[in-house]
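Results of the structural survey
One-letter residues, chain by chain:
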Amino acid sequence: MLFPFTVFAQLSTSSPYSIFGLGELTPGGFTQHRGVGGASVSFRDQNNFSFSNPASYSKIRFTIYNVGAGLNFGKISDQTTEAESNSGNFNHFAMAFPLNTEKSMAFSFGVNQYSDVGYEIKNNVNLDTPSYFNLYKGSGGINRLYIGYGVELIKNLSFGGNLNMNFGNIQSRKYRVYPNTDKVYSFSDETFFAYKGLDFDLGVQYSIQSKKENEINHTLGAVFRGGSNLYGDGYRYAETFYGQSFMVGNTFPIDTLIFEDNKKDTVSKPLGLAVGYTLNKGDKWALSLEAEQILFSSVENKVSSGEFKDNIRYSAGFSIIPSPNYGERGSFFKHVRYSIGTRYEDLYYNFDSQTFREFGISFGLGLPIIKSVRLEDEKVPVVSRVNISAEYIKRGSSSNDFIQEDYFKIGLGLNLNDKWFTKRKYR
């Protein structure tokens, strides 16, 4: 439980586009949901939940522990050059507990990523004498610590809410380096801010359940994501150094140009709205569709002159379990959940009036771990899973001197279920 809180400092992206705004946005949901294109707003299951929609908490029957991590590898290219890109990090940790009350309700807490910053961009300038290059580096991101509650107020209609504590550091460094001479001083300019702020999510789900078991069911879900200002404390530091030493990995400062401590900054985390629909036949199969809009057009762009656009995402996914009868003996692979999904996204980045898009196709496996527990006088299976997802993503374009990213994201997650707080009976 404590391990996930110690690993947020590692870079989980190497995208040059994360220089903008709050960085690269992290898709919501767990590893399981990555396998269906990130669709999770209308997700509803007794063995799992989605922090993307707190109304889903009311469905769970068991205590659930969920943790996941990811690895990204691929390439970044423009019209003339190509470079490898590798990164990875922890993605999420969450727990949920059902409450033994007349109404179905549960609470949850956890921590997850909202955005990632991790880039290194080099621009050579050979027309001037002496020649130099500009180097831009950034790291950090915004994380969310949440506590949430969901309840089925009336039959088939559930509501829920999350209170989110947003926190994280963003560091950016700009260099001008003269690699062939020390007669002209190289210099750097670094800023660092630690941000924090509160916001909330409100979610609703409505299910149309068939009267017959294992028949077609429908679930509609919607989430309103509150916006907030994140307030930062930090510093700015600039210095000169020798460029030739920098090229061999040593930085020898010459003089301090700027040192400003106790600096303040404010960035906006915008409002968002997501809607989803899931069609399922019991635990046998499920088809999910989802759309989300985050209003980044209301956020100031501090990197370039262009205004941000709204971030719009469309997701679709399908999953199937050949045999969800876990009391049945047979092949292990009949109880595996197989998933496929796709997503399309208009990103909020705006540079030189260029629209940047992202396309992804994903696959997933949910490997079951089955045990039995007794609820009242009934013995029922409790299904935990080891979730594996694989996603191919294409972001941006190499046309017009921009950058294209092609990479694979591999996710590994644990969804562990058990019956806690059981009142023992002796006869």
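Now for a look at the structure at hand. Since the model is a prediction, treat every value here as computed from it, not as a measurement. (Residues numbered from 1 in each chain as written. Predicted model: local features only at pLDDT ≥ 70, side-chain atom pairs only at ≥ 80, totals over all residues. Heavy atoms only, no water.)

With respect to empty space enclosed by the protein
Counted by the stated rule, this structure contains 5 cavities of 30 Å³ or more. Space inside the largest cavity adds up to approximately 450 Å³. Thr 26, Pro 27, Gly 28, Glu 292 and Ile 294 are the residues nearest the centre of the largest cavity, which is lined by 33 residues in total. Looking at the lining of the largest cavity residue by residue, the classes come out as 12 nonpolar, 8 polar and 13 charged. Each pocket or cavity is described by its volume, and for the second largest cavity that value is around 230 Å³. Taken together, 25 residues make up the lining of the second largest cavity; nearest its centre are Arg 34, Gly 70, Asn 72, Asn 91 and Lys 409. (1 Å grid on protein atoms, 1.4 Å probe; cavity = no way out; pocket = protein on both sides within 12 Å on 5 of 7 lines; lining within 4 Å. Points joined across faces, edges and corners; volume = space filled by probe spheres on them. Nonpolar A, V, L, I, M, F, W, Y, C, P; charged D, E, K, R; others polar.)

Here we look at the nonpolar core
Counting 22 residues, the largest nonpolar core has Tyr 114, Ile 142, Tyr 195, Phe 296 and Tyr 349 as its most contacted members. Every element with two or more residues in this core is listed here: strand S4 (105–125), strand S7 (186–208) and strand S14 (337–351). In this structure Tyr 195 touches Ile 142, Asn 166, Phe 167, Gly 168, Ile 170, Leu 230, Tyr 231, Gly 232, Asp 265 and Val 267, once residues within four positions along its chain are discounted. If you look at the next biggest cluster of nonpolar residues, it comprises 10 residues, including Tyr 57, Ile 60, Ala 94 and Ala 106. (Core = buried A, V, L, I, M, F, W, Y, C linked by side-chain atoms within 4.5 Å. Buried < 20%, exposed > 50% of the residue type's maximum accessible area, 1.4 Å probe, protein only. Helix = DSSP H or I, 4+ residues; strand = E, 2+ residues; numbered from the N terminus. Contact = heavy atoms within 4.5 Å.)

Some words on the side chain of His 33
If you trace the backbone, His 33 turns up in helix H1 (residues 31–34). Filtering out sequence-adjacent residues up to four positions away, His 33 remains in contact with Gly 38, Ala 39, Ser 40, Phe 43, Phe 49 and Ser 50.

Re the packing of aromatic side chains
Under the counting rule described, the total for this entry stands at 28 aromatic pairs. Taken together, a centroid distance of 5.6 Å and an interplanar angle of 20° make the contact between Phe 192 and Tyr 235 stacked. Of this pair, Phe 192 sits in strand S7 while Tyr 235 sits in strand S9 (residues 228–241); the two residues are 43 residues apart in sequence, bridging distant segments of the chain. Taking the relative accessible area as the measure of exposure, Phe 192 reaches 23% and is therefore partly exposed. Tyr 235 gets classed as partly exposed once you look at its relative accessible area, which sits at 25%. A ring pair is formed by Phe 308 and Tyr 348, whose centres lie 5.1 Å apart and whose planes are at 85°; its orientation type is edge-to-face. Residue Phe 308 is found in the loop between strand S12 (285–294) and strand S13 (311–320), and its partner Tyr 348 is found in strand S14; the two are separated by 40 residues along the sequence. (Phe/Tyr/Trp six-rings, centres within 6.5 Å; stacked < 30°, edge-to-face > 60°.)

All we've got here are geometric facts, nothing functional implied.
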